[in-house]
Amino acid sequence: MPYQNEFARKTTHFDFVRNPEVQEFLANCEYLTPPSEKEAQALTSVFQKPPRLPEVELPHLILATDGSYYEAALNDRIPTTRVGYIKIGAVLFSLKEFADLRDGRFVDPFKVAALQDNNTALTFVLPSANVRLRAYNSVRDSFRAALDEQLLSEKTRFAPQNFHTSLRSTLFHLASRRAGELGTGHPFKLKLHKCPTCGKGPIELEDKLEQQFCPYCGAPVYPSDCLRLWEEVSDYQSNGTALSRLMMILEHLIPIHYLRFIAQKAFLALTRIAFFVDGPLAIFGNAAWLHRSIMIYLHEVNEKLEKKGMPPVLMIGLQKRGQIVDYVRLIDRFLPPDSLFAIDDDYRYKYILANRKPSKHGFGFETYYGQDFIFKTREGRSFVFALPYPYKSKEEPGSDFIHEKTEWHRYTNLPVAIRLIERLQTELYQDAVVPIALAHRYTAISLQPGGRVLDLLTRRALA
Amino acid sequence: MSTFEAHLRAITNNETPSIERLWQITKFSPNDAQREAILHVNGPLYLTAGPGSGKTRVLLWRTLNLIVYHHVPPERIFLSTFTEKAAKQLTDGLRGLLGLVTNYTGQSFDLSGMYVGTVHSLCRRLLTDRRRFFADRHRPRPPALLDDLGQYFHLNSAWEQIVTYAGLHPADAAERINAIFDDKSASRHRAIEHLRSAFNRFSEELIDPDRVQAQVATLAWPEFSQSDIELLLELYKAYRKTLEERRVTDFALLQQEAYRVLEDFPGSGEVFQHVIVDEYQDTNTIQERIFFKLASGTKNLCVVGDDDQALYRFRGATVENFVQFPQRCQTYLGVTPRQIALDINYRSRSHIVNFYGRFMEQTDWRSKDGHTAYRVSKAIRAHRADAGPAVVATTPAPPEEACEEIAAFVRRLIDEGKVENPNQIAFLYPSLKSKQVERMKKALEAHDLQVYAPRAGRFLQVSEAVDVFGIYLLIFGRPSLRGMGRDVDDFRDWLNDIEARAEELRHDDPQLAQFITDRRAELQRARNDYRILLNVVARHHWNLDAPYDLSRMKRALYNAPRLSPVGQKLVGSAYFDRIVQKRAQEGHPLPLSYVIRRATSLDWNFLDLFYHLMGFEHFKAMFDQAEHHGDEGPVANLGLITQYLQRFTDERVSIITANLLEDDKLSAIFFNSFLFALFRLGESEWENPEDPFPRGRIPFLTIHQAKGLEFPVVVLGNLYKMDRGAPQMERLIRPMLTRPNGEPLERMTEFDIARMFYVALSRAQNLLILAHFKGKGQHVSPPFKALLRDPALPRLGNFDIATLPAAKLQESEIPKVYSFTADYLLYKKCPRQYMIFRKFGFVPSRSQTMFFGSLVHRTLEDLHHELIRRRNLAAKAQSQGEKRDA
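The shown structure was predicted, so the numbers you read here are calculated from the model rather than taken from an experiment.

Conventions and cut-offs
- Residues numbered from 1 in each chain as written.
- Chains lettered and ligands numbered in written order.
- Predicted model: local features only at pLDDT ≥ 70, side-chain atom pairs only at ≥ 80, totals over all residues.
- Heavy atoms only, no water.
- Helix = DSSP H or I, 4+ residues; strand = E, 2+ residues; numbered from the N terminus.
- Buried < 20%, exposed > 50% of the residue type's maximum accessible area, 1.4 Å probe, protein only.
- Contact = heavy atoms within 4.5 Å.
- Areas by Shrake-Rupley, 256 points an atom, 1.4 Å probe, with all protein chains shown as cover.
- Pairing = 2+ DSSP bridges.
- Axes fitted to C-alpha atoms, helices over the stretch in contact; angles between N-to-C directions.
- Salt bridge = Lys/Arg side-chain N within 4 Å of Asp/Glu carboxyl O.
- Expected span 1.5 Å × (residues − 1).
- Core = buried A, V, L, I, M, F, W, Y, C linked by side-chain atoms within 4.5 Å.
- Right-handed = clockwise from strand over helix to strand, strands pointing away.
- Parallel < 35°, antiparallel > 145°, perpendicular 65-115°, else oblique.
- Nonpolar A, V, L, I, M, F, W, Y, C, P; charged D, E, K, R; others polar.
- Left-handed = near helix turned anticlockwise from the far one by under 90°.
- pLDDT = per-residue confidence, 0-100.
- Phe/Tyr/Trp six-rings, centres within 6.5 Å; stacked < 30°, edge-to-face > 60°.
- Lys NZ or Arg CZ within 6 Å of the ring centre and 35° of its normal.
- Buried area = accessible area lost by both parts, 1.4 Å probe.

A. Spatial organisation of the overall build of chain B. Within chain B one finds 39 helices and 16 strands. Across the 886 residues that make up chain B, the buried fraction comes to 53%. Contacts in chain B between residues far apart in sequence, at least 24 positions, make up 80% of those at least 6 positions apart. Total accessible area on chain B stands at roughly 40500 Å², and carbon and sulfur atoms take up 50% of it.

As structure tokens, this is what we get:
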């Protein structure tokens, strides 16, 4: 930890890496390194021409979500007193209007943004270090109360007068689908594994406006406690981890929220919209259980679509950074244009995760709900994207999930996804697609001036 | 508006997908004619739709096109179908297709305001639609509607009044009326049936009895005398008068009333933007007038039908309405309709289509002078390319041999997997009450094949009816049945059968035996009390019709020697005293006779008794069986019994009172009058409208029953229907008509027989088998003769079964729609209640509901009084305390 106003020297790390102790340590480590020419030949041999259909009907609308968070200090003199902001952008635009803007091969996403004003952001303000809501004894309880209130608030509702249309109600829908004793099977009921105050459980809660209490200790409990973010909230330190986890959860919860209400209001409109999510289709941390519920929910919707002879929901997780993106950059020059690879576990463990020991149940058993693909377009841009697994569960009897999950033919939407990524690629950022770039633009809280404004806002509010 | 809300609107308020896109989604590829019909919007449309030509789909899509793409509000569409089942199918189908649009656009459609149903139901709705059809929005409540059975009972109950009004003596009126119709019987039942047909026809043809009476001398009936006609018209007037007096109406007069309302209401021709009529070939004169009247403003009248499938002349249908639609359109609307022929058959193999096309050509459909065609010319062609043999006749042989040949072949069809289930093979007959049917059944049974013939027998002969009514007979006693004739003998046999069966049930279940004994004791108690109370009345020389004087009479009645405790309780009821006093204060005192009847009444009625019986093991097992996915037939039949019992309690005896028990009066009303009428009318057993033919059995159907259906294999079990000339009713009505004459009387039946067989032939999808009987007394109807002589017609003996495509079981294309409240919530509340009341239409016993209603009412009242009493006591105590303090 630096002292205040002490900045790190930019050259320090050279010394660090050259340090013989570090060198010795690294000699005993396995980590991602650029492949040799020969290795690269072998690595890229698994890539094949992507599946293409003579006629692909692309969705009419694109909805992309992306999030950012920021922790603002209350006062320069008390930097340990902090408030957290999370901003989730949801960008909606029409592919047809986008096509009209095409000038040459690529499109400036901000011209697309200028087309309409359907881009907006949802903001969450949460107490972080050393800030409590009045009437609450701890940051943790304040965080829980504020989170629940904001998930339930009118700004998250599809019909403001109906609280059953809030983001929290979508959480109920997902939580009710949990397996085992924590599942309720009732869309207005969920179970907490334990009370955050007394630790006893499980506790069944309802989707209602009134405050609910632990039946064991009488302390207030909140439906959003099921996300178990409170376990990562500290009273005295930065709560960046909890904020980042919440941001990630919201990035996945919001597309499902949309999906749920589109399905309710105009079910087949789902066939005309593509959802872009930033990052892999996976949920990490204490709320990782959500990934199973999302799998179940998507499967239910897709089954209904299939009954109507329709393709499944097109949800694409696009990774801007992370281990696979790093890896792709290393091998990119070896990859032929117009090639695709569905990352299998063997490959991932061996090459991307640097020989990490494979998990018994397969990679991402507890976290992933989508399959990662590496795709290099005809134009030579590489993308790492994911499509939802076409399964209700990873343990479906009679299926060899670990191997089947990489079979292209199981992803009905794969040709459409590929076509769409090609259509939406932008040269503004490296390996970015327009929707994600747009969503990011709407949510990115840059240090200057956005972050500064938030700092001022916080100070004024708490002063 | 929240962000999410705004986004959701932006996502769902997409442009409506094109109709072509919807066709693509629903995998519907309309042919050119279908497309043209669907997209037609303005002006009259004349759709001639051959069998299996996708008529229902066209109607559905056309309606959708109007609603979605031409923004016609559903409440401005009038869609008339021939049956309620068809109406439901159309509504469900439309709901499904509109749901598809909603799924895309989020726009919802409300079909509740749309007029869709049979003409009768729509007329009924129209008569209560004050908002749209009555300028001042006020009109008296329309009369209650009598169905066929209700009309029969009305004629029966108003018999003396009607015949007396017409100048007949009740004793010989039936004989006189029957004589008009060449019927030598003196049976009132038969007379009522004759009158029912005549009256309905008069009403449907808008016959004004006064007009005809004035002209009767100038009109010519070769076989009816002037006095016969005058008598019938007098009876008709009397009948209508009794209907008016009792504030009831029948189906035919209901339509007249609706037509009158339309005539009186100035804007009636523009209330509906589109009038669509299905099965137009089966409409009658009054219906035609209604349709043209409704479309008189917009001229958007679309009729769909097939004159070759006109089957309902016996119900007053006039096929000319369809055949001459273009001319009528000119007459009534002043425009020529666009005519579109749906002539591609998607149902049958080409050999079948060609065969029935040739069959129709065997009849000369032109008038003698060749100027008039009685048939719309058409060229039906098969969509299926398969040209293999698909029509096959048995080897010409005596019926037993031919039936055996068919039965053996059917066995092979099933064994070799050409059908997945025996219910895919239908046997069709002009009538199920013929020897050929029995022969065929026996032949099939010899091959271990079970038959299902729902209309071959009477409902009262199904085992559930025998069981229930047998127990009723033991409880109420068997009335003496006078009279002679086949019907009476058959009914007597039936009474014997049900009595014997009930004895078996009583013997097998001691609890049921005790129940029967207890009910009989209750009836006896009521009977005794009644006599005892009448003795008191006689002793005091009271007049039964005089008002009940509480102070003078109650004690004497209450203290009557040997009056049962139940009787005492009823006479001594303070609650009843209050009613008596209230009625007296209001100036409507209750007569003594009423008080005695009330004091000797039972607290259960015929419907209650039914539900009591259902608790016994024998009946309970039927519900268990249905609930555990077994045979649902018994429960369905029990449901039908409740409907008949409700009719009896509503129209005949709602409360069982002791005066009716004297001389077996009640038993006579129930068995000899009510059930005997059902027995004679041949009401048939319950059929599941959604799954009409039980799996594992071969359906035997009349050709009329088979209309609108299709089967992979059809056996036409009898190729003969005797031509007895024009029906009597046609000969009666023809001179009275003011509309142009239709088909010539002397050829009418020839045409009708050809049409009937055409319907049978066109039901087959893969194979049509003709039973070619030969030998003494065996005939075939003329159009078959040349076809059977054709050496190219394959015979069953040489038929290569391998050439026959295997039939798959098909699910209905139109999904069933369930209601959230009426289906889902009820099922969630109690699956058995759902099964009983919703699925099988059991009628709940109202007296139980009323009992609980009055129990709650009384309890509340008692509580109220108790509270007042306590408050008074408290007030009294307080004032005494205050006095003491003072």
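B. Local environment of the sheet that holds strand E1 (residues 45–49) of chain B. All names here are of chain B. In space, the six strands of this open sheet follow the order E3-E2-E6-E7-E1-E8, with parallel pairing throughout. Either end of the sheet is taken by a strand with one partner, and the two such strands are strand E3 (115–118) and strand E8 (338–342). On average, adjacent strands in this sheet sit at an angle of 10 degrees to one another, irrespective of strand direction. Bridging between E1 and E8 involves five bridges; their strand directions are parallel. Residue pairing across strands places Ala49 opposite Leu342, the latter belonging to E8. Across the sheet, helix H3 (residues 32–39) is in contact with E1 and E8; its angle to E8 comes to roughly 140 degrees. Helix H6 (residues 119–128) contacts strand E2 (77–81) and E3 of the sheet and is inclined by roughly 130 degrees relative to E3.

C. Summary view of the pattern of salt bridges. Per the counting criterion, the structure on display carries 77 salt bridges over all chains. Taking the shortest distance from any N to any O, the salt bridge between A:Arg348 and A:Asp372 comes out at 2.9 Å. One end of the pair, A:Arg348, is in helix H11 (residues 345–352); the other, A:Asp372, is in strand E11 (residues 370–376), with 24 residues separating them in the sequence. For the salt bridge of B:Glu750 with B:Arg747, the shortest nitrogen-to-oxygen distance reads 3.4 Å.

D. Broad picture of helix H22 (residues 486–508) of chain B. Taking 1.5 Å of rise per residue, the 23 residues of H22(B) would be expected to cover 33 Å, and the 33 Å separating its terminal C-alpha atoms lies within 8% of that figure. Those residues of H22(B) that are buried lie in contact with helix H21 (463–476), helix H23 (510–539), helix H29 (617–627) and helix H32 (665–681) of chain B.

E. Inspection of the nonpolar core at higher detail. Ranked by size, the top nonpolar core spans 148 residues in total, and within it A:Tyr258, A:Leu259, A:Phe275, A:Phe385, A:Leu420 and B:Leu64 carry the most contacts. The element that contributes the greatest number of residues to this core is helix H8 (residues 240–265) of chain A, accounting for 15 residues. Among residues more than four places away in sequence, those in contact with A:Phe275 are A:Leu63, A:Pro255, A:Tyr258, A:Leu259, A:Ile262, A:Leu270, A:Val313, A:Leu314, A:Met315 and A:Ile316. Counting 130 residues, the second largest nonpolar core, distinct from the first, contains B:Trp221, B:Leu481, B:Val488 and B:Leu609.

F. Seen up close, the pairing of E3(B). Residue and element names in this part refer to chain B. Bridging between E2 and E3 involves four bridges; their strand directions are parallel. When the bridges of E3 are listed, Leu79 appears paired with Val116. Assessed by its sense of winding, the connection that carries the chain from E2 through helix H5 (residues 84–105) to E3 is right-handed.

G. Layout of the packing of helix H6 (residues 139–152) of chain A against helix H7 (residues 167–175) of chain A. Residues and elements named next belong to chain A. Packing of H6 against H7 brings their axes to within 6 Å, and their N-to-C directions diverge by 100 degrees. In terms of orientation, H6 lies roughly perpendicular with respect to H7. Each of Asp148, Leu151 and Leu152 in H6 lies in contact with H7, whose residues at this interface are Leu167, Arg168 and Leu171. Each residue belonging to the contact of H6 with H7 can be placed in one class, and the counts come to four nonpolar, no polar and two charged.

H. Just the packing of helix H10 (residues 170–180) of chain B against helix H11 (residues 188–204) of chain B, in detail. Residues and elements named next belong to chain B. Contact pair H10 / H11: the axes reach a minimum separation of 8 Å and the direction vectors enclose 50 degrees. One element, H10, and the other, H11, form an angle in the oblique class. Our pair here, H10 against H11, has a crossing hand that is left-handed. Together, Ala174, Ile177 and Asn178 of H10 and Arg188, Arg190, Ala191, His194 and Leu195 of H11 make up the contact between the two elements.

I. Inspection of unusual backbone geometry at higher detail. Following A:Gly201, the chain continues into A:Pro202 via a peptide bond in cis, with omega recorded as -5 degrees. Tracing the chain through its elements places A:Pro202 in the loop between strand E4 (189–192) and strand E5 (203–206). Although it is not a glycine, B:Arg562 sits at a positive phi angle of roughly 70 degrees. Positionally, B:Arg562 belongs in the loop between helix H24 (550–558) and helix H25 (565–572). A positive phi angle is found at B:Asp664, which is not glycine, with a value near 55 degrees.

J. Local environment of the confidence of the model for chain A. Residue and element names in this part refer to chain A. For chain A, per-residue confidence averages 82 on the pLDDT scale, and 81% of positions sit at 70 or higher. Considering only residues more than four positions removed or in separate chains, one finds that residues 1–13, a stretch of pLDDT under 50, has one contact. Across residues 445–463, confidence stays below pLDDT 50; counting only partners more than four residues off in sequence or on other chains, it has 31 contacts.

K. The sheet that holds strand E15 (residues 711–716) of chain B, seen in detail. Residues and elements named next belong to chain B. Strands sit in the order E11-E16-E15-E12-E14-E13 across an open sheet of six strands; the sheet is parallel. Strands with a single pairing partner mark the edges of an open sheet, and in this sheet they are strand E11 (391–393) and strand E13 (450–452). Neighbour to neighbour, the strand axes of the sheet diverge by 25 degrees on average, direction disregarded. Two strands pair when backbone bridges link them, and strand E12 (residues 425–429) and strand E14 (residues 697–702) are joined in this way by three bridges, in the parallel orientation. The residue bridging Leu428 from the neighbouring strand is Leu701, located in E14. Its contacts with the sheet put helix H19 (residues 399–415) on E12, E14, E15 and strand E16 (764–770), and the angle it makes with E12 is roughly 155 degrees.

L. Broad picture of the packing of aromatic side chains. If you walk through the whole model with that rule in mind, you get 68 aromatic pairs over all chains. Aromatic pair B:Phe82 and B:Tyr312: ring centres 4.8 Å apart, planes at 40 degrees, arrangement tilted. Of this pair, B:Phe82 sits in the loop between E2 and H5 while B:Tyr312 sits in the loop between strand E7 (301–305) and helix H16 (320–323); the two residues are 230 residues apart in sequence, bridging distant segments of the chain. For B:Tyr312, a relative accessible area of 9% puts it in the buried group. Here the guanidinium or amino end of A:Arg292 rests over the ring plane of A:Phe365, the centre of that ring lying 4.9 Å away. Sitting above the plane of the B:Tyr115 ring, B:Arg125 keeps its charged end 4.3 Å from the centroid.

M. Representation of the interface of chain A and chain B within the structure. At the junction of the two partners, chain A supplies 30 residues and chain B supplies 20 residues. For the pairing of chain A and chain B, the buried interface totals around 2200 Å² over both sides, and the portion due to carbon and sulfur atoms is 64%. Taken as a group, A:Phe158, A:Lys265 and A:Arg272 account for 26% of the area that chain A buries against chain B, more than any other trio of residues on that side. Across the chain A-chain B interface, the total number found is one salt bridge. A:Glu57 serves as the salt-bridge partner of B:Arg21, at 3.9 Å between the closest nitrogen and oxygen. Elements with a minimum of two residues in the side of chain A that touches chain B: strand E1 (61–75), strand E2 (78–94), strand E3 (119–127) and H8 of chain A. Sort the elements by how many residues they give to the side of chain A that touches chain B and H8(A) lands first, with six residues. Of the residues in the side of chain A that touches chain B, the class split is 17 nonpolar, six polar and seven charged.

N. The arrangement of H21(B) in detail. Compared with an ideal rise of 1.5 Å per residue, which puts 14 residues at 20 Å, H21(B) spans 20 Å between its outermost C-alpha atoms and is within 8% of the ideal. Phi turns positive, to about 85 degrees, at B:Gly477, one or two residues after H21(B).

O. Summary view of the pairing of strand E8 (residues 273–278) of chain A. Residues and elements named next belong to chain A. Burial runs high along E8: six of the six residues are buried. Because side chains alternate across E8, one face comprises the buried residues Ile273, Phe275 and Val277, and the other comprises Ala274, Phe276 and Asp278, equally buried. The pairing of E1 with E8 spans five bridges and is parallel. The partner of Thr65 across the bridge, within E8, is Val277. As judged from the five bridges shared by E8 and strand E9 (residues 314–318), these two strands associate in the parallel manner. Bridge pairing in E9 places Val277 opposite Gly317. Regarding the hand of the β-α-β motif, the stretch spanning E8, helix H9 (residues 290–307) and E9 is right-handed.

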